[in-house]
Amino acid sequence: MITLKQITYFDALARTLHFGRAAERVNVSQPALSAQIAELEAQLGCLLVERTRGAIVLSESGQRLLPSFRRVLAEVRSIEEQVQQQSGVLTGRMRIGMIPTLAPYLLPALAPELSRRFPQLDFGVREAITETLVGQLRSGDLDAVIAAMPIRESGLSHRLLFEDRFIMAVSNNDHDILDSPLNRHKAAFDRLLLLEEGHCLRDQALSVCHGQSQGALVNFGATSLTTLLQMVAHGMGRTLLPEIAVSAESPRLGDIRFLPFAPPAPSRQIAMFFRAASERQADYEALASVASEIGLEVLTAGRSRMGLAA
């Protein structure tokens, strides 16, 4: 008899085309996953994957059967969601994705508040770049994603949470005269440090300094804002920082000062994205409400630290 476990494992293998990564995706050992795939193939009487040295590909049978397997998984997920809704708002399992330039600053305040308000919620978070999170949202590995707009994917809905303004982080030893507040059209974007390719904040930073010489930008391939700020503190350049990071980052970096932009300040819109066809719409509305409230509190704390008005 074909089991739901076997279908789930095959779906993970089809998405990763790698036995080790597929096993990690479903939280089992590689031998256990391989055994279940072999058993599924025996039940069906056909090979689902072609195993070659160093790589695998889906067989013709695997490609043909995969859409049917995924429809089964979608139906099971829908049943689970309907049962959870009957148990009340934000109960049971909820897996959220967050981008790396947001999770370290929003999550420490959001997670305990969700636990306090919704004690029956099994809440988990995965941190990754937007492209990865959207793929996991569409596959059902995640229930919702909190990221910067826009995300242009069919079948997804969103709720706007808050506006996150940008500020300039510069070294206290930076001797260039920089007016405060900054004029975004006249601000000096030379020696601007950027995150590596794939981070949406990199693209947003480039849009803020549109029209400036790209040769003046500095790309060290940094993967986190904390790394960029350490480089700023050592006089290696400047960077654009989202305000939500100020409260957490400023106590550790006494060698940096933050310069706001004059209105209208450049900003990013933070939203929560979820599958439009999901049965958990009430859960998403409740989660969005709490995330918006907590996000605004974190922003207010950061602005107070900088002596700025909300």
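Going by the structure above, here's the rest.
Now for a look at the structure at hand. (Residues numbered from 1 in each chain as written. Predicted model: local features only at pLDDT ≥ 70, side-chain atom pairs only at ≥ 80, totals over all residues. Heavy atoms only, no water.)

### Re the overall build of the protein chain
How we decide: Numbering of helices and strands runs from the N terminus, with a helix taken as a DSSP run of H or I at least four residues long and a strand as a DSSP run of E at least two residues long. Each residue gets one of three labels from its accessible area relative to the maximum for its type: buried under 20%, exposed over 50%, partly exposed in between, using a 1.4 Å probe on protein chains only. The contact rule is simple, with two residues in contact once any of their heavy atoms fall within 4.5 Å. To measure how exposed things are, a 1.4 Å probe is used in the Shrake-Rupley method; for residues, cover is taken only from the protein chains shown.
Looking only at helices and strands, the protein chain features 10 helices and 11 strands. Burial status across the protein chain gives 47% buried among its 310 residues. Taking as baseline every contact in the protein chain between residues at least 6 positions apart, the subset at least 24 positions apart corresponds to 75%. Accessible surface computed for the protein chain: about 15100 Å², of which carbon and sulfur atoms make up 51%.

### Some thoughts on the packing of aromatic side chains
As a reminder of what qualifies: Note on aromatic pairs: the rings of Phe, Tyr and Trp (six-membered ring only in Trp) are paired at centre separations within 6.5 Å, and the planes decide the class, stacked below 30 degrees, edge-to-face beyond 60, tilted for the rest.
This structure, assessed with the given rule, holds two aromatic pairs. On the basis of an interplanar angle of 80° and a centroid distance of 5.6 Å, the ring pair of Phe10 and Phe69 is categorised as edge-to-face. Placement of the pair is Phe10 in helix H1 (residues 4-16) and Phe69 in helix H4 (residues 60-86), with a sequence separation of 59 residues. Relative accessible area serves as the criterion here: at 0%, Phe10 is assigned to the buried category. Seen from their ring centres, Phe274 and Tyr284 are 4.6 Å apart, and the 20° between their planes marks the pair as stacked.

### Some thoughts on the nonpolar core
A general trend in soluble globular proteins is that nonpolar side chains are found buried together. We count it as follows: Definition used in this section: a nonpolar core is a set of buried Ala, Val, Leu, Ile, Met, Phe, Trp, Tyr and Cys residues joined via side-chain atoms within 4.5 Å.
Counting residues in hydrophobic clusters, the biggest one holds 62 residues, and the most contacted among them are Ile146 and Met272. Top contributing element to this core by residue count: helix H10 (residues 281-306), with 10 residues.

### Some remarks on the environment of Ala144
Secondary-structure assignment places Ala144 in strand E5 (residues 144-148). A relative accessible area of 0% means that Ala144 is categorised as buried. When the C-alpha atoms of Ala144 and Gly97 are compared, they prove to be 6.3 Å apart, with 47 residues separating the residues in sequence. Those residues in contact with Ala144 that sit more than four places away from it in its chain are Arg95, Ile96, Gly97, Leu137, Met272, Phe273, Phe274 and Tyr284.

### Let's talk about the layout of surface pockets
Under the convention used in this document: Site definitions follow a grid-based scheme: protein atoms alone, a 1 Å grid, a 1.4 Å probe that fits but cannot get out for cavities, and for pockets an open set with protein on both sides within 12 Å along at least five of seven lines, plus lining residues having an atom within 4 Å of a point. Grid points are joined across faces, edges and corners, and a volume is the space filled by probe spheres set on the points. Ten residues, namely Ala, Val, Leu, Ile, Met, Phe, Trp, Tyr, Cys and Pro, are considered nonpolar, four, namely Asp, Glu, Lys and Arg, are considered charged, and the remaining ones, Gly among them, are considered polar.
One number sums up the size of the largest pocket: a volume of about 770 Å³. Thr8, Glu80, Arg93, Gly140 and Asp141 are, among the 26 residues lining the largest pocket, the residues nearest its centre. Counting only elements with at least two residues in the lining of the largest pocket, the list comes to H1, H4, strand E3 (92-98) and helix H6 (130-139). A breakdown of the residues in the lining of the largest pocket according to their chemical character gives seven nonpolar, five polar and 14 charged.

### What about the pairing of E3?
Side-chain direction in a regular strand flips from residue to residue, so the side chains alternate between the two faces of the sheet. Applied cut-off: Strands qualify as paired when DSSP identifies two bridges or more between them. Orient the strands so they point away from the viewer; a crossover is then right-handed if the path from the first strand over the helix to the second runs clockwise.
With five of its seven residues buried, E3 lies for the most part within the structure. Looking at chain direction, E3 and strand E4 (residues 121-127) are connected through seven bridges and run parallel. If you follow Gly97 over to E4, its bridge partner there is Arg126. Traced from E3 through helix H5 (residues 103-117) to E4, the parallel crossover comes out right-handed. In terms of strand pairing, E3 meets E5 through three bridges, oriented parallel. Bridging from a neighbouring strand, Met98 pairs with Ile146 of E5.

### Considerations on empty space enclosed by the protein
Under the defined criterion, the tally for this structure stands at two cavities of 30 Å³ or more. Here the largest cavity defines a volume of roughly 50 Å³. Leu193, Leu194, Leu195, Leu201, Arg202, Ala205, Leu228, Thr239 and Leu240 together form the lining of the largest cavity. Listed by contribution, the elements that provide at least two residues to the lining of the largest cavity are strand E7 (193-195), helix H7 (200-208) and strand E9 (239-242). Within the lining of the largest cavity, the residues separate by chemical class into seven nonpolar, one polar and one charged.

### What to know about the packing of H5 against H10
Filter applied, for reference: Axis lines are fitted to C-alpha atoms, over the contacting stretch for helices. Their N-to-C directions set the angle, which ranges from 0 to 180 degrees. Each angle is binned into one of four classes, with values under 35 degrees roughly parallel, values over 145 roughly antiparallel, values of 65 to 115 roughly perpendicular, and all other values oblique. By convention the crossing between two helices is left-handed if the near helix lies anticlockwise of the far one by an angle smaller than a right angle, and right-handed if it lies clockwise.
Axis separation between H5 and H10 bottoms out at 9 Å; the angle between their running directions is 130°. Taken together, H5 and H10 sit at an angle that is classed as oblique. Handedness of the H5/H10 crossing: right-handed. Listed contacts from H10 to Tyr105, Leu106, Ala109, Leu110, Glu113, Leu114 and Arg117 of H5 are Leu287, Val290, Ala291, Glu293, Ile294, Gly295 and Val298. Of the residues assigned to the contact of H5 with H10, the class counts are 10 nonpolar, one polar and three charged.

### Focus on the pattern of salt bridges
Note the cut-off: A pairing counts as a salt bridge when a side-chain nitrogen of Lys or Arg comes within 4 Å of a carboxyl oxygen of Asp or Glu.
Within the structure shown, the criterion is met by 15 salt bridges. Of the charged contacts in the structure, one is a salt bridge between Arg165 and Glu243, with a shortest N-O distance of 3.2 Å. With Arg165 in strand E6 (residues 156-171) and Glu243 in the loop between E9 and helix H9 (246-249), the pair connects residues that are 78 residues apart, well separated along the chain. Judged by its relative accessible area of 2%, Glu243 falls in the buried class. Here the salt bridges share partners, and the residues they tie into one network are Glu113, Arg116, Arg117 and Glu293.

So yeah, pure geometry; function would need other evidence.
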